[in-house]
Amino acid sequence: MGTAASTERSPMKEVIPPWVYTVKIPPEHVGDKLGACSDGMSHVGPNTITRSRTGVLDTDGARWSRGFTSGKHTFEIVFPMGHRGHQATVGVSTEEAPLYAKGKVPLVGANKFSWGVCLRHRRAYHKNDIVKKYPVNQVYLPDKFYMYLDADTGSLQFGSDLDYYGTALSGIPRSQPLYPTVAACIQGATITVVYRGIGDASAIGPPPPCVVPAAPQMMSPQVAVRKEPPPPPPPTVVSNSHASTADPVEPLTAKVIEERLEEQQPQEKPSTTTIDNDKNKDKSKGNTDDKSEKKSEEKPAPAAAPKAETEAKPEAETEAKPDAEGEAKPDAEAEGEEKAEQPKADKAEEEKEEEEGKEEKAEGGDGGEAKPSEGTEA
C-alpha cells in the first residue's frame with residue numbers, strides 16, 4: 001500500500017517503454033485466442049466474447065488461451081464504454097483465479113490470484129483492495145486501448161493511440177504463468193482481445209517520427225496553368241468632355257448643372273425663308289452690277305446731244321434697283337417668276353440700247369455732211 005501511495009503522489013509522467021514500438025507476433029502465437037470463460041459468456045469469434053447471462057447482479061469473465069512467464073507483450077482491447085456497466089475490469093490472472101462471482105465485484109483483482117483495473121471506477125485492484133487511482137489524471141480509457149504486460153519485471157501498463165497512462169500495477173510474481181483476463185457484469189457486453197506481439201527488450205528508444213511529405217498537387221496534363229492578367233485600372237471620370245484626364249473632377253453643384261444644360265441646348269438656326277431672301281438679294285444685286293459693267297464697256301463715247309439721256313439712265317437704273325430689291329418675293333414662286341422675267345428685261349434693254357446707238361450714228365452722219373456744205377457756201 002505504501003508503494004501505491006508513493007506512486008500516486010508522483011507528479012512525474014512516466015516515459016513510454018521503448019519496446020512497445022518493436023512488437024511483432026512470433027509464429028507460435030499466431031493461433032492464440034480467448035480461451036476459458038464462465039457460463040455467462042459466449043464466444044462470438046476467436047477473439048471476441050459477449051455476456052449472455054441476464055441480469056446485472058453477477059459478474060462473468062474470460063481468460064486468454066496462453067500464459068506468460070517472460071517477455072514483453074502487447075494486447076489490443078476493445079471494450080466500449082456503453083458495455084462497461086458498474087464493474088468492467090481488465091488485467092492478468094493465474095489459472096486458479098475464478099471466472100465468476102456473485103454480485104457486482106471487480107472480478108479481475110478481487111483475489112490473490114488476479115491483478116486488474118476497473119474501467120468504470122478508474123481504480124487498480126488486488127485482493128479486492130484498491131491499490132491506487134488509475135489513470136493518475138483520472139481520465140476514462142477510450143473504447144480501444146492497449147495493455148502492456150512486462151512479464152520480465154512483473155508490471156502492467158496501459159496506453160492508447162494518443163496517450164500513455166503509465167504503470168497500473170507492479171511487483172506481480174512471475175512464479176506462475178500470467179493470463180490476460182477480462183470481466184463484465186452487464187448483459188450484452190461485448191469485448192475483443194487481440195495479441196499484437198512481443199517487444200524487443202534490447203530496443204534503445206522509439207524510432208524517429210515518420211515525416212510524411214506533402215502530397216504533390218495532381219494536375220491534368222491536358223490543362224495548362226494560365227496566369228490571369230491583372231485587372232485593368234478603373235476608368236477616370238471626367239466632368240467635362242473637353243477637359244483632360246489630368247484635370248480635377250469638378251463637383252456637381254446647382255450652378256454647374258445649369259451651365260451644362262445651357263451648353264447642351266441647340267442654338268437657334270435661321271429660317272429657310274430668311275436664307276432664301278438673302279440669296280435672292282445677293283443674286284439681284286450681282287446681276288445689276290454685271291449689267292452696269294457691260295453697258296459701260298459697250299457704250300461708245302456719247303456726243304454732247306445724248307448726254308442728258310445717259311445721265312438720266314443711271315438715275316432710272318438706280319431708282320429701279322431698290323424697286324427690284326424691294327419687290328423680291330420671299331417665297332420660292334416669286335424667285336422663279338423673277339428669274340423668268342429677268343432675261344426678257346435684259347433683252348429689251350439691249351434692243352433699246354442698239355436702237356439708240358443706231359440713231360446716234362445716223363445723227364452723226366448727217367452732221368458731218370452738213371459741215372462741208374457750209375464751207376463751200378462760204
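Everything below is about the structure shown above.
Read on for an overview of the structure. (Residues numbered from 1 in each chain as written. Predicted model: local features only at pLDDT ≥ 70, side-chain atom pairs only at ≥ 80, totals over all residues. Heavy atoms only, no water.)

### A few points about the sheet that holds strand S2 (residues 41-43)
Thought 1: Spatial ordering of the open sheet is given by S2-S3-S15-S5-S11-S12-S13, a layout of seven strands whose pairing is antiparallel. Single-partner strands in this sheet number two, and they are S2 and strand S13 (164-169). Averaged over neighbouring strand pairs, the angle between their axes works out to 25 degrees when direction is ignored.
Thought 2: Of the strand pairs in this sheet, strand S5 (residues 72-78) and strand S15 (residues 190-198) are connected by six bridges, and their pairing is antiparallel. (Pairing = 2+ DSSP bridges. Helix = DSSP H or I, 4+ residues; strand = E, 2+ residues; numbered from the N terminus. Axes fitted to C-alpha atoms, helices over the stretch in contact; angles between N-to-C directions.)

### Quick word on the packing of aromatic side chains
How two aromatic rings sit relative to each other is given by the distance of their centres and the angle of their planes.
Thought 1: All told, the structure shown has eight aromatic pairs when counted by the stated rule.
Thought 2: Plain terms: the ring middles of phenylalanine 68 and tyrosine 195 are 5.9 Å apart, the flat faces sit at 20 degrees to each other, and that makes the pair stacked. On the criterion of sequence distance, the pair formed by phenylalanine 68 in the loop between strand S4 (58-64) and S5 and tyrosine 195 in strand S15 is long-range, its members being 127 residues apart.
Thought 3: By relative accessible area, which is 5% here, tyrosine 195 ends up buried.
Thought 4: When the centroid spacing of 5.9 Å and the interplanar angle of 55 degrees are considered together, the rings of tyrosine 134 and phenylalanine 158 count as tilted. Taken together, the residues span a long stretch of sequence, with tyrosine 134 in the loop between strand S10 (129-133) and strand S11 (144-150) and phenylalanine 158 in strand S12 (residues 155-159) at a distance of 24 residues. (Phe/Tyr/Trp six-rings, centres within 6.5 Å; stacked < 30°, edge-to-face > 60°. Buried < 20%, exposed > 50% of the residue type's maximum accessible area, 1.4 Å probe, protein only.)

### What to know about the pattern of salt bridges
Thought 1: The tally for this structure, following the rule as stated, stands at eight salt bridges.
Thought 2: Across the pair aspartate 60 and arginine 51 runs a salt bridge whose closest N-O atoms are separated by 3.0 Å. Here aspartate 60 matches arginine 51 in class, with each residue buried.
Thought 3: A salt bridge links lysine 72 to aspartate 152, with the shortest nitrogen-to-oxygen separation between them at 3.8 Å. One end of the pair, lysine 72, is in strand S5; the other, aspartate 152, is in the loop between S11 and S12, with 80 residues separating them in the sequence.
Thought 4: Salt bridges sharing common partners tie together Arg51, Arg53 and Asp60. (Salt bridge = Lys/Arg side-chain N within 4 Å of Asp/Glu carboxyl O.)

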